[in-house]
Amino acid sequence: MKSVLRTINVVILALGILGIILGICIGLYRNDRMARLQAVNDLGNQPVGENPIGDYLLDTNLHTLLLAAGTLLTLLSVALFLFDLRKTLN
């Protein structure tokens, strides 16, 4: 049972760190794409449907949601680890 809880804790930690990394990467991509669009003064004249994934990333706050979810999962993993450590020491 203890190994199952440790495995779950490691998986939650990995998902949390992955969410943080993806949030940062998508945020950097979004900022770079915005800067390029503003540099060519083509912000309003972008053809619709040319790059649907890029347009989705520009229009949403996916990077913020990924960062928040990653942070919460990482904090949950740390809390579970500390709870398990306290239980082990007692």
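Fair warning: this is a prediction, and the values are worked out from it, not measured in the lab. (Residues numbered from 1 in each chain as written. Predicted model: local features only at pLDDT ≥ 70, side-chain atom pairs only at ≥ 80, totals over all residues. Heavy atoms only, no water.)

Any chance you could explain the overall build of the protein chain here in plain terms?
Regarding its fold elements, the protein chain presents three helices and zero strands. Across the protein chain, helices and strands are ordered from the amino to the carboxyl terminus as α-α-α. If you line up the protein chain on its principal axes, its C-alpha atoms span 65 × 20 × 15 Å. For the protein chain, the proportion of its 90 residues judged to be buried stands at 21%. In the protein chain, once contacts between residues fewer than 6 apart in sequence are set aside, the share between residues at least 24 apart is 77%. (Helix = DSSP H or I, 4+ residues; strand = E, 2+ residues; numbered from the N terminus. Buried < 20%, exposed > 50% of the residue type's maximum accessible area, 1.4 Å probe, protein only. Contact = heavy atoms within 4.5 Å.)

Even after reading the chapter, I still don't get a nonpolar patch on the surface, so can you show me in this structure?
Taken together, V78, F81, L82, L85 and L89 make up a surface patch of nonpolar side chains, about 490 Å² in accessible area. With respect to the helices, strands and loops of the structure, V78 is situated in helix α3 (residues 62-89). (Patch = residues over 30% accessible without salt bridge, like charges linked within 9 Å, V, L, I, M, F, W, Y side chains within 5 Å. Areas by Shrake-Rupley, 256 points an atom, 1.4 Å probe, with all protein chains shown as cover. Salt bridge = Lys/Arg side-chain N within 4 Å of Asp/Glu carboxyl O.)

I tried to follow the side chain of N9 on my own but got confused; where do I start?
The residue N9 is located in helix α1 (residues 2-39) in this model. Once you skip the residues sitting within four places of it in the chain, N9 turns out to touch S77, L80 and F81.

It is not clear to me how the confidence of the model for the protein chain should be interpreted in this structure. Could you clarify?
Taken over all residues, the pLDDT of the protein chain has a mean of 86, while the share at 70 or more is 90%. Taken element by element, the predicted model of the protein chain shows its lowest mean pLDDT in helix α2 (residues 52-59) (82) and its highest in α3 (92). (pLDDT = per-residue confidence, 0-100.)

It is not clear to me how the pattern of salt bridges should be interpreted in this structure. Could you clarify?
Side-chain pairing between opposite charges can occur once the charged atoms of the two side chains come close. Throughout the structure, instances matching the rule amount to three salt bridges. When the shortest N-O distance is used, the salt bridge between D84 and R6 registers 4.0 Å. Of the two residues, D84 sits in helix α3 while R6 sits in helix α1, which places them 78 residues apart along the sequence. A salt bridge links D32 to R36, with the shortest nitrogen-to-oxygen separation between them at 3.4 Å. A residue pair is termed a helical-turn pair when its members lie 3 or 4 positions apart in one helix, as D32 and R36 do in helix α1 at four residues. For D32, a relative accessible area of 36% gives the class partly exposed.

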